[in-house]
There are 2 protein chains.
Amino acid sequence: MSRKSGVPVPTIKYYLREGLLPSGERTGRNQADYGDEHLRRLKLVRALIDIGGLSIAAVGEVVGVLENADVVTHQVLGVVQRSMGTDEPPPADRASQDEVTALLARRGWDGMADDPAALALAGVVTAARKLGHHRFAAQLDAYAEASAGIARQDLDYVLLHARVDDVLESMVVATVLGDAALAALRRLAQRDASARLLGGG
Amino acid sequence: MSRKSGVPVPTIKYYLREGLLPSGERTGRNQADYGDEHLRRLKLVRALIDIGGLSIAAVGEVVGVLENADVVTHQVLGVVQRSMGTDEPPPADRASQDEVTALLARRGWDGMADDPAALALAGVVTAARKLGHHRFAAQLDAYAEASAGIARQDLDYVLLHARVDDVLESMVVATVLGDAALAALRRLAQRDASARLLGGG
């Protein structure tokens, strides 16, 4: 498995001890057999760590959900998202919370006012207000519209996969790799728009 | 200034020593006057650190560009982006680099093939391929389209501001706070789409 994946043996043993990989089939006192499913899981663990920047504990949570057949599919997303957002949300004032609540209502995103992401968003609006950027909140409808387009795309991707295992894994991939891809594309799009409009100085 | 901003005096002194704030007007041996511009800069420094997660060194770079009148406006964006992206891009294989180059060409984003963001994007595509998610790259056109919409919105926001100082600062705000807002909205949009489509399990 180390040879096929390029991951050193001590690292694989560490992942096994931490429960990130299922045990292999024991074939001797110090030997075990690992199949394609193990290799696939190992690659996923590495992507979560290397691209998503998840901690070992956060990877353990994601893997735990993937292995729990009783978890409703869309709950996987919640666990993946929470594992990726490690920071405390910045403090939000009342006016900013109201702006976010109104935004959620305009989009029909019901029951999300207490979601950690909604609180984080209100904290960002508060930070903008403190900087005197009160109009920043007016941007958020356009941001939300773009986000909805991306989420539809993510879900279409997830639904390409027929087996439940594949659906869950593709959801993790779409979230973690999608975040990294979107950050990079946002940079490129900004630079393009900026060069076109402001290039002259 | 400490009273108006809520930032402790020793922290303000530290920012002054690190060159993140311009010196005040000296009014005595141990006294200096700080005006509205100082207060505004202080709030910006805090937002870069608290919301953007920038290091002191990265804030110093951003502030240096804001103070350098010779820098062409759209170069400010490059400095802000580089200060925020501290990680090494993940390694990219040749096929992934070609996919990214083709994507850039389809969008007319010329001369960006060597941009750190383009290299990072190729690394993400490579990671998806290693996981057997070859179709992930096909998502990127939709991601790029959404990113272009957001970038136009950002630029419109920046161009609301008439003074050059304000344009530069609003660019920093749109990039740093915009990133945090977009991450939160993407979470909410995913949860909404997922609950609608997969809620039944």
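In this text, all values refer to a predicted model and were calculated from it rather than measured experimentally.

### Notes on the overall build of chain A
Counting its regular elements, chain A contains nine helices and two strands. The linear arrangement of helices and strands in chain A, starting from the amino end, is α-α-β-β-α-α-α-α-α-α-α. For 201 residues, the compact-globule estimate of 2.2 N^0.38 gives 17 Å, and chain A exceeds it by more than 25% at 21 Å. Dimensions of chain A, computed from C-alpha atoms along their principal axes, come out at roughly 70 × 45 × 30 Å. When each of the 201 residues of chain A is scored for burial, the buried share is 46%. Here the analysis covers contacts within chain A between residues at least 6 apart in sequence; of these, 58% occur between residues at least 24 apart. In the form shown here, chain A has an accessible surface area of approximately 9900 Å², with 49% of it arising from carbon and sulfur atoms. Across chain A, the mean location of the 23 positive side-chain charges is 7 Å away from that of the 26 negative side-chain charges.

### Overview of the relation of the copies chain B and chain A
Here chain B sits on chain A after a turn of 180° about the axis and a move of 0.0 Å along it, with an RMSD of 0.0 Å. The operation mapping one copy onto its partner corresponds to a two-fold rotation axis. Relative to the rotation axis, the closest C-alpha in chain B is found at A146(B), a distance of 2.6 Å. Mapped onto chain A, 100% of the interface residues of chain B again fall at the interface, so both copies present the same surface.

### Some thoughts on the confidence of the model for chain A
Residues and elements named next belong to chain A. Per-residue confidence for chain A gives a mean pLDDT of 83; residues scoring 70 or more make up 90%. When the elements of chain A are averaged for pLDDT, helix α5 (residues 73–84) gives the smallest value, 70, and helix α6 (residues 94–107) the largest, 94. Quick note on the complex model: pTM equals 0.78, ipTM equals 0.78.

### As for the interface of chain B and chain A
In many analyses, interface size is given as the accessible surface area lost on bringing the parts together. Opposite the 77 residues of chain B that make contact, chain A presents 77 residues. Surface buried jointly by chain B and chain A totals about 7400 Å² across both partners, of which 70% is contributed by carbon and sulfur atoms. If you look at where chain B meets chain A, you find six salt bridges. Its salt-bridge partner being R187(B), residue D179(A) comes within 2.7 Å of it at the nearest N-O pair. At the junction of chain B with chain A, the criterion picks out 20 residue pairs in polar contact (both at pLDDT 80 or more). Contributions of two or more residues to the side of chain B that touches chain A are made by α3 (36–50), α5 (73–84), α6 (94–107), α7 (116–130), α8 (140–159) and α9 (164–198) of chain B. Sorting elements by how many residues they give to the side of chain B that touches chain A places α9(B) first, with 27 residues.

### Observations regarding the environment of I56(A)
All names here are of chain A. With respect to the secondary-structure elements, I56 resides in helix α4 (residues 56–67). C-alpha separation for the pair I56 and D93, spaced 37 residues apart in sequence, amounts to 34 Å. Ignoring anything within four residues of it in the chain, the contact list for I56 reads Y14, Y15, E18, L20 and I49.

### Let's talk about empty space enclosed by the protein
Overall, the coordinates contain three cavities of 30 Å³ or more when judged by the stated rule. In this model, the largest cavity occupies a volume close to 60 Å³. Together, 10 residues line the largest cavity, and L77(A), D154(A), L155(A), V158(A) and M171(A) are the ones closest to its centre. Secondary-structure elements contributing two or more residues to the lining of the largest cavity are α8 (140–159) and α9 (164–198) of chain A together with α9 of chain B. Residues that form the lining of the largest cavity fall into these classes: six nonpolar, three polar and one charged. By volume, the second largest cavity is sized at about 50 Å³. Forming the walls of the second largest cavity are Q190(A), S194(A), L77(B), D154(B), L155(B), V158(B), M171(B), A174(B) and T175(B). Among the secondary structure elements, those contributing two or more residues to the lining of the second largest cavity are α9 of chain A together with α8 and α9 of chain B. Taken together, the residues that form the lining of the second largest cavity break down as five nonpolar, three polar and one charged.

### As for the pattern of salt bridges
Taken as a whole and judged by the stated rule, the model has 16 salt bridges over all chains. Among the ionic pairs, D179(A) bridges to R186(B), the shortest N-O distance being 2.6 Å. With D179(A) in helix α9 and R186(B) in helix α9, this residue pair bridges two chains. Judged on exposure class, the residue D179(A) and its partner R186(B) are both buried. Close ionic contact of D154(B) with R186(A) constitutes a salt bridge, the shortest N to O distance being 2.9 Å. Taken as a pair, D154(B) in helix α8 and R186(A) in helix α9 lie in two separate chains rather than in one. The pair formed by D154(B) and R186(A) is uniform in burial state, with each residue classed as buried. Members of the salt-bridge network, linked through shared partners, are D154(A), D179(A), R186(B) and R187(B).

Calculation rules
Residues numbered from 1 in each chain as written. Chains lettered and ligands numbered in written order. Predicted model: local features only at pLDDT ≥ 70, side-chain atom pairs only at ≥ 80, totals over all residues. Heavy atoms only, no water. Helix = DSSP H or I, 4+ residues; strand = E, 2+ residues; numbered from the N terminus. Rg over C-alpha atoms; globule rule 2.2 N^0.38 Å. Buried < 20%, exposed > 50% of the residue type's maximum accessible area, 1.4 Å probe, protein only. Contact = heavy atoms within 4.5 Å. Areas by Shrake-Rupley, 256 points an atom, 1.4 Å probe, with all protein chains shown as cover. Lys, Arg positive; Asp, Glu negative; His and termini not counted. Charge placed at Lys NZ, Arg CZ, Asp CG, Glu CD. Least-squares fit on C-alpha atoms with pLDDT ≥ 70 in both. pLDDT = per-residue confidence, 0-100. Buried area = accessible area lost by both parts, 1.4 Å probe. Salt bridge = Lys/Arg side-chain N within 4 Å of Asp/Glu carboxyl O. Polar contact = N/O pair within 3.5 Å; in protein donor to acceptor, adjacent residues only side chain to side chain. 1 Å grid on protein atoms, 1.4 Å probe; cavity = no way out; pocket = protein on both sides within 12 Å on 5 of 7 lines; lining within 4 Å. Points joined across faces, edges and corners; volume = space filled by probe spheres on them. Nonpolar A, V, L, I, M, F, W, Y, C, P; charged D, E, K, R; others polar.

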